[in-house]
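Below are the chains, spelled out letter by letter.
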Amino acid sequence: MGRILAIDYGEKRTGLAVTDPVRIIATALTTVATPTLLQFLKDYCAREQVDIFVVGKAMHMDGRPSESMQYIEPFVEELKKMFPEKEVVRIDERFTSKIAFQTMIDSGLKKKDRRNKGTIDQIAATIMLQDYMRTINNKKKI
């Protein structure tokens, strides 16, 4: 069984989170400059077994795609071409950045440290990954 890797795609930088090999724990991995993302994923997948990519689906409150989808969709297509053997799952990412920021506050991070947008991106990716894991675990129970 391989890892699940979540991608909080952004125009400038992208937050990544990953499960352990047995898919029990979701952990923040890193933040990558978006232009180098595909190469990072290629290198990472050469070292670690990844079976599933979870990519955020940026939506407005009314369910319409947000403006950032114009950047996310071409990335998803490239990801599928680069890794045709891996599953790519889309998950609603509404509120993940807000939840990530609140998590930073709740954990006692200083105001200066909360300004690091890369940390917010990593936490947002971790939240998406936890949501996905919760979804698949709930399906197993049914």
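Residues numbered from 1 in each chain as written. Predicted model: local features only at pLDDT ≥ 70, side-chain atom pairs only at ≥ 80, totals over all residues. Heavy atoms only, no water.

Colleague: Which parts of the structure should I look at to understand the overall build of the protein chain?
Modeller: On a plain count of helices and strands, the protein chain comes out with 5 helices and 5 strands. Listing each helix as α and each strand as β along the protein chain from the N terminus yields β-β-β-α-β-α-β-α-α-α. Residues counted as buried form 40% of the 142 residues belonging to the protein chain. Long-range contacts, defined here as pairs at least 24 residues apart, represent 60% of the contacts in the protein chain between residues at least 6 apart. Working note: accessible area of the protein chain is about 8,300 Å², and carbon and sulfur atoms make up 54% of it. (Helix = DSSP H or I, 4+ residues; strand = E, 2+ residues; numbered from the N terminus. Buried < 20%, exposed > 50% of the residue type's maximum accessible area, 1.4 Å probe, protein only. Contact = heavy atoms within 4.5 Å. Areas by Shrake-Rupley, 256 points an atom, 1.4 Å probe, with all protein chains shown as cover.)

Colleague: What exactly am I supposed to notice about the environment of I52 here?
Modeller: For I52, the position within the fold is in strand β4 (residues 50-57). Of the residues examined, I52 reaches a relative accessible area of 7% and is grouped as buried. For the pair formed by I52 and F83, sequence separation is 31 residues and the distance between their alpha carbons is 9.9 Å. When sequence neighbours within four positions are dropped, the list of residues in contact with I52 reads R3, I4, L5, R23, E87, V89 and Y132.

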